[in-house]
Amino acid sequence: MTPLKVARNHPRCARQSVVILIGLLQIVLVSGRTPASAQPVVNAEWVRTLDAARGQTVYFHAWAGSTHINAYIAWAGREVEKRFGVRVEHVKLSDTSEAVSRILAEKTAGRTEGGAVDLVWINGENFRALKENGLLYGPWAETIPNWRLLNAPDHRELTTDFTIETDGLEVPWSRAQMVFYYDSARISDPPRTIEALEAWLVEHPGRFTYPLPPEFLGTTFLKQALYGLTPYAHELAAPATDANYDRVTAPLWSFLERVTPLLWRQGRAYPQSGPRQLQLVADGEIDLAISFNPGEASAAISRYELPPTVRTYVMNYGSLANASFLAIPFNASATEGAKVVANFLLSPEAQAHKLDPEVWGAETVLDLDQLSAADRRLFETMERGAATLPPDALGTRLPEPHPSWTERLEAEWDARFGVGR
Amino acid sequence: MNPVYSPPHPDTTEGSDDAEGLALRRLCIRLAGKVLVDLDAHIAPGRILTIMGPSGSGKSTLLSVIIGTTAPAFTVSGRIVLDGTDISHLPPQKRRVGILFQDDMLFPHLSIGANLAFGLPPAVRGRSARRERVVRALADIGLEGFENRDPATLSGGQRARVALMRMLLAEPRALLLDEPFSGLDAALRDHIRELVFSRARERRLPVLLVTHDEADARAAAGDRIELAHTD
Amino acid sequence: MGRPFWSRPVTPRHEDRSPFRYAPLVMLGVMFVPVMAGLAGTMLPAIGYFPALGGDSISPGPIMDLLRWPGFWRASALSVTTGVGVTILSLAIVILFTAAWQGTRLFSAAERLLSPLLSVPHAAAAFGVAFLLAPSGWMTRVISPWATSWTTPPDVLIPQDPWGLTMMAGLVAKEVPFLLLMTIAALGQTESVKSRVIAQSLGYGRTWAWMTVVLPRVYEQIRLPVYAVLAYAMSVVDVAIILGPNAPATLSAQVVSWMSDPDLALRFRASAGAAAQLGLVGVTLILWRMAELSVGCVARRWAYRGRRMQRDRPLRVGALVAAAMPIAAVLVGLLSLAVWSLAGFWSWPDVLPSSFTGTTWLRHASDLRDPILETVRIGLLAVGVSLVLTIVTLEAEQRFNLNLTTRRLGLLYAPLLVPQVAFLVGLQTLALESGLDAGMAAVTVAHIVFVLPYVFLSMAGPYRAWDDRYATIATAMGSGSQRTLWRIRLPMLLGPLLVAAAIGFAVSVGQYLPTLLVGAGRVQTLTTEAVALASGGDRRVIGVYALSQTLAAAVPFMVAIALPRFVWRHRRGLQHR
């Protein structure tokens, strides 16, 4: 008996068939309205890239201080190998500058092909260093099919990296925004301005710290505090000069001089990385911590790394926000493979998986309006966890200052509070 | 310099009887210029030459020279002739000179059968042929059915018999005995000594016996050389 | 023939030209060439010569730059204080414990614990110690809040205290087992028990008797291992990263971080730092030697007075406590790592987690696969090469009576006396300079430099102690030296062979710096992965990696103990060896 026959004999089945038909029609119609995303755009160029990529091994240099990020990259590697025959080797960096130094070293040694780095997770000063020295391959960003899902023209922050134009040399991968988290079982009203933070530290000495600059989260805290303290925030978008640097940053240094003795371990030691603060909060060594990932606290709760009473909040005056990117060095050994990996990492599936607090909990760079209804549902139905703020509660996004500020801040911090103290 | 040997070697360095048995011709072993052993001797097939002397008199060095495992510190001159062939420059494993020590030196990791098979020349080919020779050899020394036994489970007398048989299976053309009976208790000693000597005679092997046991020397009933203390 | 026929040497000459003869040279070459090349690769950039980075003239620039680095003097002082402190403490504990307890059942029990303790990689031990001693660690959890009335962990700077005390504790815990093993080996070569008993019969207390009559001879034997401990503790990097201070870090740790800085100009400063580390270790070793002489002089004067020190009971108890603490710290530390790797939420001051879960292990099972494979590959290769070189050398020594004993043994220790950073930095520079790809092969070569001495030292004793008459008997039965080696000698030495392999493997598993610097970060073993996790501070994952690392080192030991017992289960003569 064929199904068709059944349908003829049984009216109920016939009705079902109609429903399915209408459903199919709807999908066609809906996707017709958003043609950009219904089907991945497959052009001849991309087919050639896929062919060339098959069998390649991509050495993906990515910061590896968080085991959950490592696990996510491992998952992506397995998927890419299964689907496109591209192997991914995650070269685990404790600092992205390690990859930059390797590429520089290869350039110096005259190695213009067969380089050790195929794809690197990067932003800010590291991107600037590579771009200024002509060490990047491309422009290539717009050649990958999933580029369209970003709707880049509407999102300036996806084509500027710490105020530097990306010029198609890197594709955005993830968004970050500075948030604070605290254990609501211990404190009820956390400080929401930098001045309030100082007052709170006077009452609760030793209960807050920040990662050791130049670790990126530590540096990010310096910038976040700078925004909250300096009256000249608008000058941060342009390069720092000898003329304005001292004037703009003076309030930050006097703040730090006052609060450092009130920090955890009296400021004689700092956590070596952002995730290290999770353990400190869980152990009750500190009450307040910072993260560059609004989903991190929920993710940590689900992995037993934080108590379930932890909550996230943002500063009243706004939070530093940026995007991080994927770039291919000029001498990469597996350029095509790297593009295939990047394209997969930008796919709705990979981006939604990244958003899952059980996995990583990092914000997507995709513009949800560009996605099909089914893909959009992946994001909208995601359970973000009790400790994660809804998107509309994340407040103002403060842009990253020009990288020259970062470099000067790190150097001065080191001289005042680091080794040079 | 203190040459210590006995008896003084004859003027004839190479007799016509060297065609058979083991001849040590003007064999002189020196250590740092000092003469340790200097002798000239011939052992006819089936005969036993006994060498006696206190420890430190170079007995074991003499044996190592004949076996071919001398340490380079010693300077050796002269010739070792076995059945008419000069073996002085042959590598040890080609000399066909067997040796038995005070300890039985059965390989502890091999079964009794495998110990015997280790001595059996490779010319005996085929698993079953080799096995048959091993079984026969065991029967010969009254140890039927011992092939798979662990050497450590045998008595001292049994082990001594296996050691002898293992050496004989290698078909040596001369036999050196390095105080081979002193580790055995009195009752066993006579028995094993008789066994070794009779087997050597049967096979017409020239035997060099190193000992400081008077009873061994008497039982050997052959020539006797005394080495003096060198200090 | 010019000479009379009877003066021809009677010894066989056919083996004189055998390549075997050169085995000891080859072995020393394998150990020394990388060290020497690496030192050259460090020294040249330290004085400004590094063409690939535009340094083509000799200048004092890098050294001046290093001296201008504000942390230099503190980092150097830290290196000396931790190195000397660790060596004195470890040596004192080992000497006191051996003096007070040698020959007792307790001492043999401690002896049995040594192999497992030695196989624990430094990084894993350091992680364990970190959790024990941290203000939020197990020790404060056990006594809080009932005994301390602390409601939050005390805000004290441990680990990473600026004096490096936590780091010293972690190092002492690992060096005590090493020195104890070396001491026990040395005791075998001295008539220690007889001497002590004679001194006791003259009325000397047990501990003092040992120290006056046995120690001088034992110290002669363990001098080089003591120097190795001093050099190691002064320049260690992985333990320093986990337990050491970070503002500034120790000199070696700082050199490693300069090596990975994007600013390649820092390579000059890193090389100068590595050279400075070498000089620092050299000077400290010379001072140590001078201190040895004066301590010996003072001790002889004491001994001449003839005081008997009969009532040494408190001293003996103190020695026991002092020896038990580091051993317990390592074992309890490992246990804490195991608990963390299985922990659900675990807040302070709970002594145990509120729940247990296997999810951390499950989540990382697939990530563990590659580093485990890499660890095993490198370990097997390094151990294989080391074993072959060792056996060929020992066999050559045997066959040609080459004298490679005590005097030249010092050479074996030489790579262990050179601080690792001093030549590994240079090896990376050479790789960069020559454009060679630093991969697994290069890492394996660097591992062999450290594995070979341990394999040789642990194999040499049993190999030389083997009764030569077995070989004579075999030869007399017509067996060539190859056949004797394979059929008789090696099977009989199966146990020691496997133990040497296990020791070598454990050494390889624990190597951090050779893997990181020579592999240029691209070769990832369990150790590099575990240390990389240190900054994240995720104790659950650290537990998983540190335990995996410990198991990788410990499993070969279990095999080395179990396999000979199984293979020779029907051979009583080979048991209880």
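Residues numbered from 1 in each chain as written. Chains lettered and ligands numbered in written order. Predicted model: local features only at pLDDT ≥ 70, side-chain atom pairs only at ≥ 80, totals over all residues.

Attention now goes to the domain arrangement of chain A. Residues and elements named next belong to chain A. Segmenting chain A into domains produces domain 1 (44-175 + 323-385) and domain 2 (179-321 + 398-417). Between the C-alpha centres of domain 1 and domain 2 there is a distance of 27 Å. Taken residue by residue, the interface counts 17 residues in domain 1 and 16 residues in domain 2. Per element, the largest residue contribution to the side of domain 1 that touches domain 2 is three residues, and it comes from helix H7 (residues 124-132). Class assignment for the residues of the side of domain 1 that touches domain 2 results in five nonpolar, seven polar and five charged. (Domains from an automatic or database assignment. Contact = placed C-beta atoms within 7 Å. Helix = DSSP H or I, 4+ residues; strand = E, 2+ residues; numbered from the N terminus. Nonpolar A, V, L, I, M, F, W, Y, C, P; charged D, E, K, R; others polar.)

Our focus in this paragraph is the interface of chain C and chain A. If you look at the interface, chain C gives 40 residues, while chain A gives 43 residues. Where the side of chain C that touches chain A is concerned, the elements lending two or more residues are helix H15 (359-399), helix H23 (526-534) and helix H24 (539-567) of chain C. In terms of residues, the side of chain C that touches chain A owes the most to one element, H15 of chain C, which gives three residues. Its residues assigned to classes, the side of chain C that touches chain A shows 18 nonpolar, 15 polar and seven charged.

Residue and element names in this part refer to chain A. Viewed as axis vectors pointing N to C, helix H9 (residues 216-229) and helix H16 (residues 403-417) meet at an angle of 105°, and their least axial separation amounts to 10 Å. Classified by the angle between their axes, H9 and H16 sit roughly perpendicular to one another. Within the contact between the two elements, H9 uses Thr219, Leu222 and Lys223 and H16 uses Thr406, Leu409, Glu410 and Trp413. Grouping the constituent residues of the contact of H9 with H16 by class yields three nonpolar, two polar and two charged. (Axes fitted to C-alpha atoms, helices over the stretch in contact; angles between N-to-C directions. Parallel < 35°, antiparallel > 145°, perpendicular 65-115°, else oblique.)

Residues and elements named next belong to chain A. Strand order across the open sheet formed by three strands is E8-E7-E9, with antiparallel pairing between neighbours. The open sheet has two edge strands, strand E8 (288-291) and strand E9 (310-313), and neither has a second partner. The mean angle between the axes of side-by-side strands here comes to 30°, regardless of whether they run parallel or antiparallel. Looking at chain direction, strand E7 (residues 179-183) and E8 are connected through four bridges and run antiparallel. Across the sheet, the residue bridging to Tyr181 is Ala289, located in E8. (Pairing = 2+ DSSP bridges.)

Let us now look at the interface of chain B and chain C. Across the boundary between the two partners, chain B contributes 37 residues, which contact 29 residues of chain C. Within the residue set of the side of chain B that touches chain C, elements represented by two or more residues are helix H1 (59-67), strand E4 (74-82), strand E6 (97-100) and helix H2 (112-119) of chain B. Sorting elements by how many residues they give to the side of chain B that touches chain C places E4 of chain B first, with five residues. Class assignment for the residues of the side of chain B that touches chain C results in 21 nonpolar, twelve polar and four charged.

With that settled, the discussion passes to helix H13 (residues 266-305) of chain C. The end-to-end C-alpha distance of H13 of chain C is 58 Å, a good match for the 58 Å that 40 residues give at a rise of 1.5 Å each. In the stretch just after H13 of chain C, Gly306 of chain C is the one whose phi turns positive, near 75°. (Expected span 1.5 Å × (residues − 1).)

Here the focus is the sheet that holds strand E1 (residues 22-31) of chain B. All names here are of chain B. Taken together, four strands build an open sheet; the order of strands is E2-E1-E4-E5 and the sheet is antiparallel. Sheet topology places strand E2 (34-43) and strand E5 (85-86) at the edges, where each strand pairs with a single neighbour. Pairing analysis gives eight bridges linking E1 to E2, with the strands arranged antiparallel. Note on E2: the bridge partner recorded for Cys28 is Asp38.

Another point: the packing of helix H1 (residues 23-46) of chain C against H15 of chain C. Residues and elements named next belong to chain C. Where H1 contacts H15, the two axes come as close as 8 Å, and the packing angle between them is 145°. Once H1 is placed against H15, the crossing between them reads as left-handed. Across the interface between the two elements, Ala23, Pro24, Val26, Met27 and Val30 from H1 touch Leu389, Val392, Thr393, Ala396 and Glu397 from H15. A class-by-class count of the residues in the contact of H1 with H15 yields eight nonpolar, one polar and one charged. (Left-handed = near helix turned anticlockwise from the far one by under 90°.)

Residues and elements named next belong to chain A. With an omega of 10°, the peptide bond between Gly138 and Pro139 qualifies as cis. In this structure, Pro139 sits in the loop between H7 and strand E4 (160-161). With an omega of 15°, the peptide bond running from Pro213 to Pro214 counts as cis. Following the sequence through the fold, Pro214 ends up in the loop between helix H8 (194-203) and H9. Despite not being glycine, Thr163 shows a phi value in the positive range, around 70°. Relative to the helices and strands, Thr163 is located in the loop between E4 and strand E5 (164-165). With 18 C-beta atoms packed within 10 Å, Thr163 lands in the partly exposed category. Here the phi dihedral of Tyr304 falls at roughly 70°; this positive angle occurs in a residue that is not glycine. (Buried ≥ 20, exposed ≤ 12 C-beta atoms within 10 Å, placed from the backbone.)

What follows covers the confidence of the model for chain A. All names here are of chain A. Across chain A, the average pLDDT comes to 87, with 89% of residues at or above 70. By mean pLDDT, the top-scoring element of chain A is helix H13 (residues 335-345) (97), and the lowest-scoring one is helix H1 (residues 3-9) (36). Contacts of residues 23-39 to residues separated by more than four positions or lying in other chains number twelve contacts, the stretch itself having pLDDT below 50. (pLDDT = per-residue confidence, 0-100.)

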